[in-house]
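Working through the structure, step by step
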Amino acid sequence: MHIPDGFLSARVALGYAGLSSLGLGVACYRLRARRERGASALLGVSAAFVFAAQMVNFPVAAGTSGHLMGSALAGALLGLPGALVVMTAVIIMQCFVLADGGVFALGANVFNMGLVGCVVGYCCYRLLCGRAPSPTRRVASVAFAGWCATLAGALSCAGQLSLSGAARLSVVLPAMLGVHALIGVGEAVISSLIVASVLRFRPELLESNAQGALAARPRASAVYAGLGLSIAIAGLLAPIADAAPDGFSRVTQALGLHSSTASPSLAPFLHGVPGVVSGVLATVLAGCAGTLLLFGLCWLLALALVPRPRSTEPSRGAVVESSG
Amino acid sequence: MSSIHRASAGLKLGVSLALIVGLAALPAERAWWGLGALPWLLLVAKLARLSFKPLLRRWAFGAPFLLGAASLAWFQPHGLAAAAALFSKSAICLLILQLLASTTSIVELTRTLRSVHAPPVLCETIVLLARYSSLLGDEARRMRRARAGRTFHTSRIREWQALGNALGLLFIRTVSRAERVQNAMRARGGA
């Protein structure tokens, strides 16, 4: 999802640079306001970990490959401001050390993978987790948040490319969303594996975050719900506005191979919903069905990853409580 | 250390940015003008005494991504020309960025970031990122050797499970190590 230099027009690049430096400024301000002991070490380690994990590519269908984005994972471990700082550091390092992602496009990249990824990932995580989540619920939330964050980042990236006139929205949007719906599955699996291990060995790393040690205190969950929902709605409305099925058929016709192999897109859903005449409705239905299916898969993954509590412990606790 | 390496990071960054912005501003029909920068860039590489082979290899590693992204421009009027223009522009930009990356150290980068008043938390995180990456690599190597020593025979699914556990464990082990480092630094009056 790293946009290289040369694809964005100057106006778009500067606009998004402004937006992301604004977000980064707010994050740094809130981090400094409630700086905890040992926080900088945790930030540094998380940044190094995300940096290393992003170098590992896994194959995705149709000859493309993807890697972990890590913004939902960082959001769950560090809270929103910490995650944003970590993602920004990672993207800056990738740009200047590995020449991955452009200098001029740095603002846009920080916006997609940092701001959008962290806000969507963190909002989904907090919304799904609730107040006192069980380990299974926490792992499932992280997995689903990772998927949502990847998709949201891809959406915003597609928007920037089409705003700069590099490609039409009706082409770039289905292509990006299709590939990243699959990459997001990898993201969900890796994030949940890591969070499951953290829960098993160092649960206080996640607990302290929930109480707001590194995180900015959530003012109201309504704010997060609103943010997440608005971005989700934008995600649903954008393809409708530009008639995604049209772009789909054009891409598949032009490439030929996509239609025959297992298509890396929602195309089978789009054309396969029975009894729906309107293409727009089909898009929305397919999106909802796919998301629900994915949420179920995340929950199953969490069930598989989190070891069952021993049956003696809760019952003993109950006995003690009732007798006392 | 060539003179290019020794030049201030701010200057290099400024020149690269100016070139990249200029390239981005070129209209699609004039994108070929960007190729005019190529001899100058090669001259810079020569002056910096970078060997061409690794440079070319790294460029060739990044180029398929550019090609993939540029091919999305195919599906519009005059698509082929637009895609070719995008590809040539971004390929030159990639070369500029690689020259910048291979002649600028992380220390210089953070110094420049500090001098343009980037938030201190961000600078500190970047420094620690560079520091802990090597630590993370060492830890990963140690864990891999330990696993290879204990595993005689394994199936693919077991291997993926082990890899997943190892990832989580790697994070936790490095966090613990970082905390020890932080405490040691604090005990000596730092951080």
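One can find the structure itself at the top, above this paragraph.
Note that the structure is a prediction, hence the values are computed from the model and not measured.

Here's the deal with the nonpolar core
Most often, soluble globular proteins have nonpolar side chains that are buried together. Ranked by size, the top nonpolar core spans 148 residues in total, and within it A:Ile3, A:Phe7, A:Leu8, A:Phe96, A:Val139, A:Val198 and B:Tyr132 carry the most contacts. With 16 residues, the single largest contributor to this core is helix α7 (residues 169-201) of chain A. The contacts of A:Val198, once residues within four sequence positions are left out, are A:Leu77, A:Pro203, A:Leu205, A:Leu206, B:Phe171 and B:Ile172.

Notes on the pattern of salt bridges
One pass over the full model with this rule turns up six salt bridges over all chains. Its salt-bridge partner being A:Arg202, residue B:Glu179 comes within 3.1 Å of it at the nearest N-O pair. Of this pair, B:Glu179 sits in helix α8 (residues 156-187) while A:Arg202 sits in the loop between α7 and α8 (204-210), which puts the two residues in different chains. Judged by its relative accessible area of 31%, B:Glu179 is partly exposed. Among the charged side chains, a salt-bridge network with shared partners connects B:Glu139, B:Arg142, B:Arg173 and B:Arg177.

A look at the environment of A:Val172
Checked against the element boundaries, A:Val172 lands in helix α7. Judged by relative accessible area, which is 0%, A:Val172 ranks as buried. Counting along the chain gives 156 residues from A:Val172 to A:Tyr16, while the straight-line C-alpha distance between them is 19 Å. Contact partners of A:Val172, with chain neighbours within four places excluded, come to A:Ala158, A:Leu161, A:Ser162, A:Ala167 and B:Leu72.

So, unusual backbone geometry
Residues and elements named next belong to chain B. A positive phi angle, near 55 degrees, is found at Arg49, a position not held by glycine. Mapped onto the fold, Arg49 is located in the loop between α3 (37-47) and α4 (52-71). In the Ramachandran plot, His117 falls in the positive-phi region, its phi being about 60 degrees despite a non-glycine side chain.

Conventions adopted
Residues numbered from 1 in each chain as written. Chains lettered and ligands numbered in written order. Predicted model: local features only at pLDDT ≥ 70, side-chain atom pairs only at ≥ 80, totals over all residues. Heavy atoms only, no water. Core = buried A, V, L, I, M, F, W, Y, C linked by side-chain atoms within 4.5 Å. Buried < 20%, exposed > 50% of the residue type's maximum accessible area, 1.4 Å probe, protein only. Helix = DSSP H or I, 4+ residues; strand = E, 2+ residues; numbered from the N terminus. Contact = heavy atoms within 4.5 Å. Salt bridge = Lys/Arg side-chain N within 4 Å of Asp/Glu carboxyl O.

Purely geometric numbers; function is a separate question.
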